[in-house]
Amino acid sequence: MASDSNRFQPFLRSGDRTFFLFLSFFLRDLTSTGKLSSLDALAVACKGNIIITSPNMDYVPEPFIFEEEDLCCRADGRFGVVDCFQWPQMHERQYEYSACIPRKDSIPTLRTAWYHPTLDDFTVPAGSRFAVGTLPATKVTDFEVALQTLRSRHHTLRDRPIGQDALRVLMRLADHEVRRLHHHPLLFRDLVVFVAQLQRKLLDIHALLDYIEFVHPLLKTPPSRPPHANDNWMGCFTKSTEVCEALYFAGVPVWLVCSEAYISPTMNVVHSVRLSYPDEIVRAMYTENGVAKPFPSIWCGPSNVLRHYHTRSSYEGTLADAPEPLPVAHPSLSRSSSSSGKKPSRKLSRTARERASAGPSRGVWPSHFSSHVFDHSLVLPSAAGQSKWEEPNLPDRIMSGVVDPGYRFPKPTLFVNVSTPEKKKTYLLNWLSARPLWISQVDIRPPSKFPSPQMWRDFLNTIDTDPLPSTKTASTKLAVRDILGEAIINSAQGLTGAPQEITWRGMQGSITSVLAHPPLSFMRSLLWELYELNFRYELYALDRALVPDCWTTSNEERITRQTLLYGILPGESGLVMWSESLPRYSRELGLCATDVPNSLPYISKFCQLMSVWPGAPARLQSPVELKGQDDTEVYSVFSLACHFYVQTAFDFLGQQPSLPRIFQFV
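Residues numbered from 1 in each chain as written. Predicted model: local features only at pLDDT ≥ 70, side-chain atom pairs only at ≥ 80, totals over all residues. Heavy atoms only, no water.

1. Examining empty space enclosed by the protein
Okay, so step 1: A complete count under the given rule lists five cavities of 30 Å³ or more for this structure.
Okay, so step 2: Looking at the largest cavity, its volume works out to about 60 Å³.
Okay, so step 3: Along the walls of the largest cavity sit E532, F535, R536, I568, L569, P570, L589, G590, L591, C592 and P660, which together make up its complete lining.
Okay, so step 4: When grouped by side-chain class, the residues that make up the lining of the largest cavity number eight nonpolar, one polar and two charged. (1 Å grid on protein atoms, 1.4 Å probe; cavity = no way out; pocket = protein on both sides within 12 Å on 5 of 7 lines; lining within 4 Å. Points joined across faces, edges and corners; volume = space filled by probe spheres on them. Nonpolar A, V, L, I, M, F, W, Y, C, P; charged D, E, K, R; others polar.)

2. What to know about the packing of helix α4 (residues 164-183) against helix α17 (residues 555-567)
Okay, so step 1: Relative to each other, α4 and α17 sit at 50°, their axes nearing to 10 Å. By the angle between their directions, the pair α4 and α17 is classed as oblique. Crossing of α4 over α17 shows left-handed handedness. On the side of α4, the interface is formed by V169, R172, L173 and H176, while α17 contributes N555, E556, R558, I559, T560, Q562, T563 and Y566.
Okay, so step 2: The residue makeup of the contact of α4 with α17, split by class, is four nonpolar, five polar and three charged. (Axes fitted to C-alpha atoms, helices over the stretch in contact; angles between N-to-C directions. Helix = DSSP H or I, 4+ residues; strand = E, 2+ residues; numbered from the N terminus. Parallel < 35°, antiparallel > 145°, perpendicular 65-115°, else oblique. Left-handed = near helix turned anticlockwise from the far one by under 90°. Contact = heavy atoms within 4.5 Å.)

3. Brief notes about the packing of helix α15 (residues 520-546) against helix α19 (residues 632-653)
Okay, so step 1: Across the interface, α15 lies against α19 with an axial gap of 11 Å and an inter-helix angle of 75°. The angle between α15 and α19 falls in the class roughly perpendicular. Touching F535, E538, L539, L542 and L546 of α15 are Y645, T648, A649, F652 and L653, all from α19.
Okay, so step 2: Taken together, the residues that form the contact of α15 with α19 break down as eight nonpolar, one polar and one charged.

4. Describing the pattern of salt bridges
Okay, so step 1: Taken as a whole and assessed by the stated rule, the structure comprises 16 salt bridges.
Okay, so step 2: Among the salt bridges present, the one from R179 reaches D175, with a minimum N-O distance of 3.4 Å. Of the two residues, R179 and D175 both sit in helix α4, four residues apart, roughly one turn of that helix.
Okay, so step 3: For R179, a relative accessible area of 34% puts it in the partly exposed group. (Salt bridge = Lys/Arg side-chain N within 4 Å of Asp/Glu carboxyl O. Buried < 20%, exposed > 50% of the residue type's maximum accessible area, 1.4 Å probe, protein only.)

5. Quick look at the sheet that holds strand β2 (residues 50-54)
Okay, so step 1: Across the sheet, four strands lie side by side as β1-β2-β8-β7; this open sheet has mixed pairing. Whereas interior strands pair on both sides, the edge strands pair on one side only; in this sheet they are β1 (43-47) and β7 (236-238). The average undirected angle you get between the axes of adjacent strands in this sheet is 25°.
Okay, so step 2: Here helix α6 (residues 241-248) sits on the sheet in contact with β7 and β8 (254-259), set at roughly 160° to β8. (Pairing = 2+ DSSP bridges.)

Here's what the structure looks like:
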């Protein structure tokens with residue numbers, strides 16, 4: 001609604017008239033002379049029956065504060081005109097520092113906070129069937145530099161009495177977002193939102209630093225005259241005259257909202273203006289190929305503390321939407337005929353197949369993790385030749401329903417227990433085709449249920465995309481489709497529609513050369529990664545189930561717990577380990593490092609993580625230390641932790657947990 005600029009004419013009290021006319025072209029200087037009070041108007045505008053005045057700004061922004069508005073991401077990943085990082089919102093005591101959020105392009109060192117990614121900035125691995133990729137490393141570096149600049153500034157303000165805990169949490173959240181952009185596979189629409197989410201963290205940190213350094217001292221000890229308002233700050237609306245006066249004397253842009261009945265007839269009015277409209281803010285919904293794919297609304301309401309809160313909430317991802325497949329060149333390969341002269345194999349019962357590929361061995365975590373070689377010897381030997389498992393057939397030991405017992409990723413034995421080389425090729429191609437998209441989905445928005453080993457076998461063996469008959473086997477395959485999603489099922493069609501080349505952890509080669517006769521080093525590395533992925537996500541799921549308060553109480557608790565979990569895992573990518581190079585040295589293996597000095601930091605965090613689990617041995621609550629060259633104590637505690645982990649995981653999963661293996665260096 002347009003404002004009525006004629007309802008208020010410039011008016012000055014008789015004692016101030018000559019002074020103001022003399023300085024009328026120095027509009028901003030009026031505030032520092034002390035001649036304007038917080039209830040006067042350097043600018044005034046109307047919206048319906050609402051009057052909006054500002055004692056220190058010569059314009060009035062359109063107020064999007066009265067109506068209930070949907071808070072949902074727009075095409076640029078931001079929240080449009082109700083986003084406190086783009087447009088002034090109502091003052092809220094808990095988020096008072098939001099008024100110091102910098103305006104767009106106002107801070108040279110924060111240019112990247114207003115950058116918007118395009119498809120040209122989206123790096124998709126060669127051979128991928130879907131547009132799942134990452135931001136270019138140069139763009140991620142820009143964010144790292146901006147974050148480091150903010151860290152350096154925080155260091156100079158670390159002795160200030162307020163905001164320190166909030167800053168530490170924001171820094172850790174921003175660091176997590178940077179790592180996600182650098183290492184995690186994302187759909188482009190998720191990338192857009194995650195970039196915007198990181199940018200909000202950076203702007204929030206900058207605003208809080210400005211508030212701590214400049215605003216809070218003036219709020220605590222107001223000056224005799226109001227300072228110039230900082231044009232770089234977003235400012236805020238308020239209905240409180242006390243808040244208006246406090247922010248006015250702290251140099252914060254502020255607009256007082258009130259009804260006409262509360263306007264003094266002798267109020268000084270320097271300018272009667274029209275409302276400023278946010279022309280540059282994106283309000284359109286996200287589209288792909290001309291088709292609208294709006295993000296869901298995360299909250300609806302007026303401008304209040306909940307709008308501030310939800311604007312800063314973590315985005316959960318949108319991978320339930322199937323991405324469009326990328327066009328690929330098809331190799332001249334065909335499926336082998338079912339009548340090929342292969343030797344008939346003895347058909348095992350389903351129970352036998354489950355035991356062969358997924359059933360729990362009676363071994364436990366060994367003294368150091370078992371070395372994996374590409375053969376059929378995949379079960380873990382027990383420590384000292386003895387089993388430390390409790391009897392798995394005791395029904396009261398299994399606590400079903402707490403942690404989903406399905407496999408987050410295919411069990412490595414599925415790739416070993418394959419009857420023919422041709423089928424092994426199909427298994428490998430189907431997994432490599434689905435791998436980036438599935439890792440991204442598990443990491444951002446995991447399904448409520450994960451596949452069983454038989455479901456993974458059906459998937460790897462290729463599930464027909466045509467309608468399936470009403471049989472028990474077909475029902476299982478339909479269940480797989482429901483869990484994995486149409487996009488992943490359609491991507492894993494064996495050699496049909498396969499790309500010419502595949503890329504995996506920096507290795508790139510043609511399908512015919514890599515999959516026809518898989519190199520031993522490639523197979524070892526692929527199976528090692530599956531062991532690692534399953535272990536990492538099972539550990540994560542168990543921790544969330546056993547100590548849920550550590551993940552849900554607050555952002556600070558969640559980040560602290562997440563940092564501890566990531567400290568158990570080598571590398572910088574957290575759980576996903578998608579784009580990192582393969583280990584080159586034993587010291588890069590974390591818990592599996594062959595020497596205690598290199599593995600000790602990871603062992604210590606592993607013990608610390610489990611020390612708060614129900615039933616944890618008391619010894620895990622004490623620090624793990626290496627005494628000189630004697631590693632006996634470290635080994636003893638680590639062995640205790642391993643046994644406790646394996647037994648606890650079995651109790652909640654009902655099967656042997658996935659355990660990491662020593663990497664076989666070439």
